[in-house]
Every structure is written in C-alpha cells, then in structure tokens.
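# Architecture and fold: a report
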2 protein chains.
Amino acid sequence: MVNYPNGVPYQGKEKKKERAHHKSAQEISISSANRGMDFEADINASNDYYESKGICLIKKRPTPINVVKVDYSRGAMITHAYFEAQSTTDYNGVYKGKYIDFEAKNTKNKASFPLSNITPHQINHLKQVIFHGGIAFFIVQFQTLDKVFLLDASYVINFYEHEKRKSIPFDCFEKNGIEVERSYIPRLKYIDAIDKMYF
Amino acid sequence: MVNYPNGVPYQGKEKKKERAHHKSAQEISISSANRGMDFEADINASNDYYESKGICLIKKRPTPINVVKVDYSRGAMITHAYFEAQSTTDYNGVYKGKYIDFEAKNTKNKASFPLSNITPHQINHLKQVIFHGGIAFFIVQFQTLDKVFLLDASYVINFYEHEKRKSIPFDCFEKNGIEVERSYIPRLKYIDAIDKMYF
C-alpha cells in the first residue's frame, strides 16, 4: 500500500454524509486517514506475529526515496529528498519454501474495488512472480463494509487486462477470493487464507 | 527497473595500472569507494538482465529511510530524514519457484572476509529464511583479488556463531563456495552459481 506522501486522504461519499453531522473537516480527514493507516499497521503487526511464531517471514518493502542532498556535517542528515512510487508490490517473503508477493489495498467503496489503485508496474511485477512460480495475490480491505479478502493476482491481472469495467465488483471477491478473518492476534489471519487458496 | 546510479562502468585491472601513475590518496579512496559501488551496480545490472530474459525476479530492497519532516508546501519534499540500517538483507526474489535471499558484500582484504561486515539482524534474518525453506547466501567480492564468490548462508552463520576468528579465510570460499564468473552481460553470472550450489 502506497503511503500518500502528502497525508491527504481520499475523500469519498462517506465524507459528505458525515459532514452533515457537524463534524469538522479536520476530524473527518484524520479519522479516515487513520483507518487507512490501520490496515497497513494490521498487516505489519500480523507479519511480526507470524515471524515471532516461525510461521512465515514476510516483510514490507521500505518506501523508495529519491535522495537529492545529504548534509554530512550534520551526521549524514538528508535535507532534500522525494518519495518515489513503489514499482513493485509492498510485501514479499517466504512461506513453506514458496516465494510470496502481494499488494495490500484499502478502499472505501462498498460495491467494488477500483483498479485505478493499481499501477501497470505492479501488474507487470505480479505477472513475473506468477511466471517464476511464486504465489501472488492482493489483500483488499473494504473499509466501509469491514471486510478483507485475499484475491489471487492472476484473477486481478485478467480483470485488469481484459474487462471493460475499471473496478472489480465486491461479489467477485466473495466468489473467487478468500475472506481474511480478523482476530486479536494476529489482527489479520491472512496465512489461513493463503493455506485455503494455495496449499 | 533499477537505474545505474552513476553510470560508471566496472573498472577492473586497467584501473589498478593507472593508479600506479601518481594518484593521490584522495583519488584512491574515491576510486575504491566507486569500485564498492560498482559491485552493487554489477549485481543490479545483472538482475535487470535476468529479469528482462525471464530468468528470475530478484530485486534490491530500497534503503530504509526514517523521514522526520516533510514540507508539503514544496510538493511533499522531505527536508529532514536519516538513513536507517537495513535490518534484513539487500536482495530477495524468486527463482524457479523458490524464495531467494542474499546479502552482497565487498571487501578489500586479500586473505579473508571480515565478519564485522555482517550485522546480528542479518544473521537472524538469514536463519529464518533457511528455516522457512528459502535459499540464502552471501555474494562476496574480494575487490583486490578481483574474485567473487557465492557462499551458502548456513556456512557463514555457522562460522559467525561457532568459530573464534572474526573473518572467513579466502580458501574457505574456494573450498565451500562457488566462484561467480564475470561476463559482459550479465556482469555477474550469479544464477549459474545458484544452479551449481542448489539445483
């Protein structure tokens, strides 16, 4: 999941409704941003748990940053740099000897997952993972519905390349994906979903 | 796709000859540093080649950066940040369905590879990779000897944890490692070494 560098959250339909109830724009944008961040935090915490239990070793790739200027007189302090778009996916690692690679996305849409969230680089990357025998998928959180699904990357790639519509309907996730259950620890039991889908 | 940061080509034996002709200490340290950078550039270029030929998909992890301050009025320009130590290894990916994970190190030593180059985090990370059935190794360049070897991580971990001496002798690389050949393209044929060692 790409962190929006400027901290400005996506503002969809929910916002308009909430705004009717006298919340300040500031409050709404903070809580919306936090919920998006929470999803990433949930995955990271789940990865930490899985790692601590010796279940798998899956890590978030660091956000690539283009460093323009470093001040060595101040302990190699970076004074000028920019966030770069991740040209791959955000997570990869190893489970049961297999290479695992996935992208996590959050959407506030209720009816479908907009493909505009996915870059051509990511599609290309995931195609290569599949070609080389790795396991590739998306984990998508439908924030408003409080539902999380694992969907195989080949399904998403096929949809991306051959379907006219620019979003994957929610019921496709129900039919073709595996629902990822929440728990106290790990917060997202996505390894269970991997087991059901691939093992 | 990774761009070669400086575009400076690998400089082998010819360079050493030049250096005999009145180079200052400053120039030497810069060119030595460059050769260290060249090693990373060689691996990155080899990865690009392997990826373009559909041989494997192995990427350098971005350097983690701790962002302290971002100036949003200047297009999300990072104005205060620090490099963080990589808590894992620098490279991972997939080859023949298997998870691949390795660390690349350059040394100017002729007789041995100093283990001070390796962090406890990296040892711990590589142990976990092996535990989960991944392929884990080091690629070490003996810069002065112009030799590159692949050495299985389990050998290095064993040495790190059980041997008294704090460097791995060069002849251990010759006996237990696989020499990585150079070519014009790819610059480092390390997949051949993986084939010999693991497949």
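Below is a summary of the structure that appears in this document.

Reading guide: rules and limits
Residues numbered from 1 in each chain as written. Chains lettered and ligands numbered in written order. Predicted model: local features only at pLDDT ≥ 70, side-chain atom pairs only at ≥ 80, totals over all residues. Heavy atoms only, no water. Buried < 20%, exposed > 50% of the residue type's maximum accessible area, 1.4 Å probe, protein only. Helix = DSSP H or I, 4+ residues; strand = E, 2+ residues; numbered from the N terminus. Pairing = 2+ DSSP bridges. Salt bridge = Lys/Arg side-chain N within 4 Å of Asp/Glu carboxyl O. Contact = heavy atoms within 4.5 Å. Expected span 1.5 Å × (residues − 1). Core = buried A, V, L, I, M, F, W, Y, C linked by side-chain atoms within 4.5 Å. Axes fitted to C-alpha atoms, helices over the stretch in contact; angles between N-to-C directions. Parallel < 35°, antiparallel > 145°, perpendicular 65-115°, else oblique. Left-handed = near helix turned anticlockwise from the far one by under 90°. Nonpolar A, V, L, I, M, F, W, Y, C, P; charged D, E, K, R; others polar. Buried area = accessible area lost by both parts, 1.4 Å probe. Polar contact = N/O pair within 3.5 Å; in protein donor to acceptor, adjacent residues only side chain to side chain. Least-squares fit on C-alpha atoms with pLDDT ≥ 70 in both. Arc of directions from axis to C-beta.

### Considerations on the pairing of strand β5 (residues 98–107) of chain B
Residues and elements named next belong to chain B. In terms of burial, β5 is largely enclosed, as 8 of its 10 residues are buried. As paired elements, strand β4 (residues 91–95) and β5 share 5 bridges and run antiparallel to each other. The partner of Asn92 across the bridge, within β5, is Asp101. If you look at the hairpin formed by β4 and β5, you'll find 2 residues sitting between the two strands, and Lys96 has a positive phi there, around 50°. The sheet contact formed by β5 and strand β7 (residues 135–142) spans 8 bridges and is parallel. Within β7, the residue paired with Lys105 across the bridge is Val140.

### Let's talk about the pattern of salt bridges
Two side chains with opposite charge may pair up if their charged atoms get near one another. Residue and element names in this part refer to chain B. This structure, assessed with the given rule, holds 22 salt bridges over all chains. With its nearest N and O atoms 2.7 Å apart, the salt bridge here joins Lys127 to Glu161. You can see Lys127 sitting in helix α3 (residues 120–131) and its partner Glu161 sitting in helix α4 (residues 153–162), a full 34 residues away along the chain. Owing to a relative accessible area of 37%, Lys127 belongs among the partly exposed residues under this scheme.

### Remarks on the side chain of Glu51(A)
Positionally, Glu51(A) belongs in helix α2 (residues 25–52). Overall, Glu51(A) belongs to the buried group, its relative accessible area being 19%. Not counting residues up to four positions away in its chain, the partners in contact with Glu51(A) are Cys56(A), Leu57(A), Lys59(A) and Gln128(B).

### Observations concerning helix α3 (residues 120–131) of chain A
For an α-helix, the turn length of 3.6 residues means that residues three or four places apart are oriented alike. Residues and elements named next belong to chain A. Across its 12 residues, α3 extends 17 Å between first and last C-alpha, which sits within 8% of the 16 Å expected from 1.5 Å per residue. For α3, every residue scored as buried is listed here: Gln122, Ile123, His125, Leu126, Gln128 and Val129. Looking one or two residues past α3, Gly133 carries a phi angle of roughly 85°, positive in sign.

### Here's the deal with the nonpolar core
One finds Ile168(A), Phe173(A), Ile168(B) and Phe173(B) to be the most contacted residues of the largest nonpolar core, which totals 46 residues. Setting aside anything within four residues of it in sequence, one finds Phe173(B) in contact with Phe113(B), Val140(B), Phe142(B), Phe149(B), Leu151(B), Ile168(B) and Ile178(B).

### Some details on the packing of α3(B) against α4(B)
All names here are of chain B. Running from amino to carboxyl end, α3 crosses α4 at an angle of 135°, the nearest separation of the two axes being 10 Å. When the axis of α3 is compared with that of α4, the two are oblique. Seen from above, α3 lies across α4 with left-handed handedness. Facing Pro120, Ile123, Leu126, Lys127 and Ile130 of α3, the residues of α4 in contact are Ala153, Ser154, Ile157, Tyr160 and Glu161. Looking at the contact of α3 with α4 residue by residue, the classes come out as 7 nonpolar, 1 polar and 2 charged.

### Brief notes about the interface of chain A and chain B
At the interface, 41 residues of chain A touch 39 residues of chain B. Buried area between chain A and chain B, both sides added, is near 3,100 Å², and the carbon and sulfur share of it is 65%. Between chain A and chain B we count 7 residue pairs in polar contact (both at pLDDT 80 or more) in total. Take the side of chain A that touches chain B: its biggest share by element is 7 residues, from strand β3 (residues 77–83) of chain A. Split by residue class, the side of chain A that touches chain B holds 19 nonpolar, 17 polar and 5 charged.

### Considering the relation of the copies chain A and chain B
With an RMSD of 0.1 Å, the operation that places chain A on chain B is a rotation of 180° combined with a shift of 0.0 Å along the axis. Here the transformation between the copies is reduced to the relation of a two-fold axis. When the interface residues of chain A are mapped onto chain B, 93% of them again lie at the interface, so the same face is used by both copies.

### Topic: helix α4 (residues 153–162) of chain A
All names here are of chain A. All of the buried residues in α4 are Ala153, Val156, Ile157 and Phe159. Looking straight down α4, one finds its buried side chains confined to an arc of 165°; they lie on one side. Elements that come into contact with the buried residues of α4 comprise α3, β7 (135–142), β8 (147–152) and β9 (167–169).

### A look at the sheet that holds strand β3 (residues 77–83) of chain B
On the basis of which strands lie adjacent, the open sheet formed by 4 strands has the order β2(A)-β3(A)-β3(B)-β2(B) and antiparallel pairing. Looking along the sheet, the strands with just one partner apiece sit at the ends: β2 (65–71) of chain A together with β2 (65–71) of chain B. This sheet shows a mean twist of 35° between the axes of neighbouring strands, independent of strand direction. The sheet contact formed by β2(B) and β3(B) spans 6 bridges and is antiparallel. Counterpart to Asp71(B) in the pairing with β3(B) is Met77(B).

### Side note on the pairing of β7(B)
All names here are of chain B. Here β7 lies mainly inside the structure; 8 of its 8 residues are buried. Along β7, one buried face is formed by Ile135, Phe137, Ile139 and Gln141 and the opposite face, lined by Ala136, Phe138, Val140 and Phe142, is buried too. The pairing of β7 with strand β8 (residues 147–152) spans 6 bridges and is antiparallel. Counted as the bridge partner of Phe137 is Asp152 from β8. Turn length for the β7-β8 hairpin, with the two strands adjacent in sequence and antiparallel, is 4 residues, and the turn residue Asp146 shows positive phi of about 55°.

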